Amino acid sequence: MHGLINKSIQCFVRDTFGAACWSAVARQADLACETFESLFVYEPGVTDRVIDAIVVVLHRPRETVLEDLGIYIVSDLSVASLRRLMRFGGVNFTDFLHSLEDLQGRARLAVPELTLPELRVCDLKPDYFTLTCRSPIAGAGFVFLGLLRVMADDYGALVVLEHQGMRDGAEVIAISIPDLSYHEGNRFELGTATG
């Protein structure tokens, strides 16, 4: 697993729960080093061990930890550039949903070794979609559930999300959009650093 993913998990725990909590997670996961390097590639099992350790240390369900991670990676001020990058996906939340299928390819343009989950969006009705997430990390769909919650609010859309479990080897998220313009979304301009 690419170090950027592991580093994001490390930052989430450290920024949300403190350095002592991260140290406890690193010990529980039996990490050789407490700090991940963003440019390294780690064996696949390390990420799962770290997530399992977070579950043990925090006494929280894996699904909750992963959803909170998804919220963190697009809402914490230290990683605000990622949320901004996600806004390039379209002018409204529906456009953004469809842009998720290209996320893996766009990420590889920047970091060729980075492998993100395979995402597929299916339009079932004009206001109802499913997102399938295929990943070697169990529960990765919950990361996207958290991410979608933040991005829906950012776009000003009223969205109902439901993780529907596994289907054909992929996690499925049901996405209902009762109101695409529920409230004024956060301002976003292509040429500015805020938004």
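Only a predicted model underlies this, so the values are computations on that prediction, with no experimental measurement involved.

A.B. asks: Would you take a moment to explain the confidence of the model for the chain for this structure?
C.D. replies: Regions with low pLDDT should not have their predicted coordinates read in detail. Of the residues in the chain, 86% reach a pLDDT of 70 or more, and the chain-wide mean stands at 87. No element of the chain has a lower mean pLDDT than helix H5 (residues 80-87), at 62, and none a higher one than helix H2 (residues 19-28), at 98.

A.B. asks: Could you clarify how one ought to interpret the pairing of strand E2 (residues 128-134) in this entry?
C.D. replies: Each regular strand shows side chains that alternate between the opposite faces of the sheet. With 7 bridges joining them, strand E1 (residues 118-125) and E2 adopt antiparallel strand pairing. Residue pairing for E2: Glu-118 is matched across the bridge by Arg-134. Where E1 folds back onto E2 in an antiparallel hairpin, the turn is made up of 2 residues. Pairing of E2 with strand E4 (residues 170-179), which is carried by 6 bridges, proceeds in the antiparallel orientation. When the bridges of E4 are listed, Leu-131 appears paired with Ile-173.

A.B. asks: Help me understand the packing of aromatic side chains, please; the structure alone is not making it clear to me.
C.D. replies: The relation between two aromatic rings is expressed through the spacing of the ring centres and the mutual angle of the planes. Summed over all chains, the structure comprises 8 aromatic pairs. Each ring, one from Phe-96 and one from Tyr-155, has its centre 5.7 Å from the other, and the planes form 40°; the classification is tilted. Of this pair, Phe-96 sits in helix H6 (residues 93-99) while Tyr-155 is found in helix H8 (residues 140-155), placing the two residues 59 residues apart along the sequence. Tyr-155 carries the same exposure label as Phe-96, and that label is buried.

The rules we used
Residues numbered from 1 in each chain as written. Predicted model: local features only at pLDDT ≥ 70, side-chain atom pairs only at ≥ 80, totals over all residues. Heavy atoms only, no water. pLDDT = per-residue confidence, 0-100. Helix = DSSP H or I, 4+ residues; strand = E, 2+ residues; numbered from the N terminus. Pairing = 2+ DSSP bridges. Phe/Tyr/Trp six-rings, centres within 6.5 Å; stacked < 30°, edge-to-face > 60°. Buried < 20%, exposed > 50% of the residue type's maximum accessible area, 1.4 Å probe, protein only.

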